[in-house]
Amino acid sequence: MFVTLFLYICGLLDVPFIDGDIKLDGKLDDPWYAVACKVTEFTQISPVVGSAPRESTIVYILQNDRGLYFGLYCETKHRKPDLSPSGDQVSVYLDTYFDRKTAYLFTVLANGTRMEARITQNGENLDYDFETIWYCATYTADSFYSVEIFIPWKGLMGKPGPWGINIKRESPPDYMVSMVVYDPNKQPLRVSDFKVMKDIKFSAEKPVLEIQPILNIIHGTDFDEHFRYKVEFGGNLYLRIRKNMKFSLTYKPDFAEIEADPYRLNLSKYALFYPEKRPFFIEGREFFSFNMPDRLKIFYSRQIGKTLLTGKIVPIIFGMKDFMKFRHVELSSLWVRTDSARDAFSYEPVTDFVVNKIRMLPNEAFSFCLMDARRFMKGVQSKGLTGVELLYQTESILAGIEYIKDNIRSKEHAMQLQLHRWFNGLSISCSMTDISDGFSDNGVGYIPWKGLHREKASIQYVYRFDSRYRLYYASGKLSVTRKRELDEPFTWVSTLSLSLYFTSNVFVGGIFSYGKEYELNELFNAPSFTIFLAYNTTHVNCKSVFYFYRTYNYLRGYVGNVRFIQCEATLTYKRTVAMLSVYRWDEFDPQNKLASTTYSIRALAAATITPILSMSFYVDLPYSGRLLSKRVGCHVTIRFGGKGWSKCVHNYYSSHIEEGWQTYIRKSQMKLRPSWVITL
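In every chain, residue numbers begin from 1 and rise along the written sequence. Reporting of local features is limited, given that this is a predicted model, to residues whose pLDDT is at least 70; pairs of side-chain atoms are given and counted only at 80 or more, and all residues count toward the totals for whole chains, interfaces and linings. Heavy atoms from the whole structure form the basis of all side-chain values; hydrogens and water molecules are not counted.

Let us now look at the pattern of salt bridges. When a carboxyl oxygen of Asp or Glu is within 4 Å of a side-chain nitrogen of Lys or Arg, the pair counts as a salt bridge. Evaluation of the coordinates by the stated rule reveals 17 salt bridges. Salt-bridge contacts for Lys 325 lead to Asp 99; the nearest nitrogen and oxygen are separated by 2.7 Å. Here Lys 325, found in strand S18 (residues 316-325), pairs with Asp 99, found in the loop between strand S6 (89-95) and strand S7 (103-109); they are 226 residues apart in sequence, far enough to count as distant. Residue Lys 325 is classed as buried on the basis of its relative accessible area of 9%. In this structure, Lys 201 engages Asp 199 in a salt bridge whose closest nitrogen and oxygen atoms are separated by 3.0 Å. We count a stretch as a helix when DSSP gives it H or I for four or more residues in a row; a strand needs E for two or more, and each element gets its number in order from the N terminus. Relative accessibility under 20% of the residue-type maximum defines a buried residue, over 50% an exposed one, and the middle range a partly exposed one, all with a 1.4 Å probe and only protein chains included.

The element S7 is extensively covered by neighbouring structure, given that seven of its seven residues are classed as buried. On S7, burial covers both faces: Ala 103, Leu 105, Thr 107 and Leu 109 on one face and Tyr 104, Phe 106 and Val 108 on the other are all buried. Criterion used throughout: strands pair if DSSP finds at least two bridges between them. Pairing analysis gives six bridges linking S6 to S7, with the strands arranged antiparallel. Across the sheet, Ser 91 pairs through a bridge with Thr 107, a residue of S7. The pairing of S7 with strand S8 (residues 114-120) spans six bridges and is classified as antiparallel. In the strand pairing of S8, Phe 106 is matched with Glu 116. Once S7 ends, the chain turns through four residues before running back antiparallel as S8, passing Gly 112 with a positive phi of about 100°.

Here we come to the pairing of strand S12 (residues 161-171). Counting buried residues along S12, nine of its 11 residues qualify, which places the element largely inside the surrounding structure. As paired elements, S6 and S12 share seven bridges and run antiparallel to each other. Bridge pairing links Leu 94 to Ile 165 in S12. As defined by bridge partners, S12 adjoins strand S14 (residues 195-200) across four bridges and the pair is classed as antiparallel. Residue pairing across strands places Gly 161 opposite Ile 200, the latter belonging to S14.

Spelled out as structure tokens, the structure:
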């Protein structure tokens, strides 16, 4: 009864079922569109919130036994469509499970380029590394452009019945953004607010198999080795058994990703955290993590196939995972085996990583999650973490608790409590984190703050006020943190942040901190401040950051200052993008004289030659004292048949000099990765 009442209040979209197929040419001239479900009501998000869009949009929706069709007519009114990478584009959001929390995103640019993503946590997290099967076509004229999208059932996971839907359109030159569903008092994207399509005939009963062989050819040296050629064969296999069950397998994958990790100078006692970029671990990663914001990471996939001190990567032999979703239960498991590896400083034996998780959702607001992550090595006792999460989340309230137990040290634990409340532009949050002194991540998670006890409270207010042509936006946040680590004393840090959009193109923000905080052998003493500046137009995006704080170093015995400056500029023109990023990190001695400097320069150029062919090239040059490393890479991708076929050429050079020890790494790499999809 509740679901029926909910559908009635939200309003239903009745999507007709047709017997034939629609030819995808982008022209919207197929006779089936005459009987399609039509959506024309859009609400403007910017530059003026809540007003009617100045350019009209018409959306047609149809379904057949193969999938969903979308036809979108987008008026451009006295201008030609903008074909640049940041120009005219439309996006379709689909909540296929109708759980009001997760969704798929499909975006098509007027130039025919497309991208997809997976949305979790009611719109808070977007995973743009997600990839699935779908097709699109575009057509442009002097005063409009049109888009056709076909999403086959075999490319989705979900269930028949009602689905949630939202549609967004973005238009230059003043970044006009409009959506079918939008509430200015909430986040711009909330899955729980989507419109509803009733009676979707999701008929993906046949298994779908995707085979992705990989050929990797490497030429180069590795530390003290001679130049040599190395040919590696591997591959990925994806099998969707039913519409809510999927199995993945990888064998000898190559994870020398073209987008290298950014160079970062670690000034803290904590291990650096790097985001996951490897496709096998990215897909479905929400099934292998807790769901609270700022969650403790009981499983950190970068622990698998990690890099040793000399830069050698621990090879992965194979990996398999499966996840399934029923009415009120989610089940997922992961098993990865890594081969032995040795360098001058350490040895890694053959290791198995096993992760299991069960999540129960008795209703839309409450969820219970139990998760276990372990690492098995031959002749060594298994190590790992076991955790439980209780979460209550609605549109305006989030309350949750996470508790993680160390499997080796029975008395050690990590715990997190959170409470958030949102209403009418005001948000209030409180959190408490407690990690015992001897707690360890055991090589499976990322919880580096040993002995941490932290209590934090914050309040934030967002104020929007409109002029006739522009959206003005102001935000202020005040937070107070009480913190202790290991045997350090309790410290207090107060933070005030302000941000303001002078126009829809210019942004200025700042963070001011006052208090004292201990870290490693240094005392960071307030005041410290950070300033952000940004300027955005259709073809140019610029941003800069200035960061300053005062520190006392116990080992070196002086009070000094730290200054960080970063500038970044991006230029887009038609189908090309060029980006240049420069940063500088300075440390000063007590007489305010420069003590050390770290530089980094990164350049990137990318071009969409045709809607199915794209290329990118980058150069990365970090330099700090006697450490210099260079990275050069390029990437070519061809997409067809709803999936991608990529050819990667990765050239890599690095040198490291420290106390007379010198090593060189030179590598050139070519990777071929075709993909075939078969309906069984």
